[in-house]
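Spelled out from the first residue to the last, the chains are:
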Amino acid sequence: QKILHTNLEETQKIPHPNPPLTGEGIDSDRKSTVLQNYQETYLYIKDLLKKLRKDQTNAEDLMWQILRKKQIFWLKFRRQHPFGRYIADFYCSDIKLVIELDWEIHNNLDKKEYDSLRDEIISNYWVKILRVSNEDVFNNTQKIIDSIFDILSPVRGKYPQGDRGIFQENSSFKNNDEWGIIWK
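Residues numbered from 1 in each chain as written. Predicted model: local features only at pLDDT ≥ 70, side-chain atom pairs only at ≥ 80, totals over all residues. Heavy atoms only, no water.

### Structural notes on the packing of aromatic side chains
Stated formally: Whether two aromatic rings pair depends on their centres lying within 6.5 Å, for rings of Phe, Tyr and Trp, where Trp uses its six-membered ring; planes under 30 degrees apart make the pair stacked, over 60 edge-to-face, and the rest tilted. Every helix listed is a DSSP run of H or I at least four residues long, and every strand listed is a run of E at least two residues long, numbered separately from the N terminus. To sort residues, take the accessible area from a 1.4 Å probe on protein chains only and compare it with the maximum for the residue type: under 20% means buried, over 50% means exposed, and anything in between is partly exposed.
If you walk through the whole model with that rule in mind, you get six aromatic pairs. Their ring planes at 10° and their centres at 6.2 Å tell us that Trp64 and Phe90 sit as a pair that is stacked. You can see Trp64 sitting in helix α3 (residues 58-67) and its partner Phe90 sitting in strand β2 (residues 86-92), a full 26 residues away along the chain. Comparing Trp64 with Phe90 shows no difference in burial state: the two are buried. With centroids separated by 6.2 Å and ring planes inclined at 65°, the aromatic side chains of Phe73 and Trp74 adopt a geometry described as edge-to-face. Summarising the burial analysis for this pair, Phe73 and Trp74 share the class buried. One aromatic cluster is present, formed by Phe73, Trp74 and Phe149 through successive ring pairs.

Structure representation (structure tokens):
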């Protein structure tokens, strides 16, 4: 084996390519700053989530009434779910689906650019994003449910078979109300 440095002092001057995050090799001020920033960000996001859940728009409130309590295809949705520093309006972990409600301000060019960057970052969490207009929430909820069904279709094997809430005769549940389907 070749000895690259014969002098011990020279060897100690070469920095390690991956310095440890704990122990003697880390600057304790930097470590505490990183942890403090993380904790502050976490607490900020947590408080913001509470505020957003409390101060929902009318469209978010109506959409939450539709999605809550596993009423749509027995899927559990969460509202105001964080993805890093971004917060999704609704999220279903069962099928990794984010539902974002858009209103008039989202037609602004700057907001569209921001939304596309945000969607790209949230997509890195391996989720699908469904953008829904407030108008559809108020006037065409069936369109939203159909869109969720279309996203669900590839993974429908773990759910009872049937077409949009009308199940086959061999299903163990004959009554759609037992499944929480909100249409006929």
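We are not done yet, so read on.
### As for the sheet that holds β2
To be explicit about the condition: When DSSP finds at least two bridges between two strands, those strands are taken to pair. Axes, fitted as lines to C-alpha atoms, cover a helix only where it is in contact. Angles between the N-to-C directions of the axes lie from 0 to 180 degrees. Contacts between residues were defined by any pair of non-hydrogen atoms, one from each residue, lying within 4.5 Å.
Spatially, the four strands line up as an open sheet ordered β1-β2-β3-β4, and their pairing is mixed. Every interior strand has two partners, whereas the edge strands, β1 (77-83) and β4 (128-133), have only one. Here the average twist between neighbouring strands, direction ignored, is 40°. Sheet topology places strand β3 (residues 97-102) next to β4; six bridges connect them, and they run parallel. Residue pairing for β4: Leu101 is matched across the bridge by Val132. In the packing of helix α6 (residues 141-152) onto the sheet, contacts are made with β1, β3 and β4, and the angle to β4 comes to roughly 170°.

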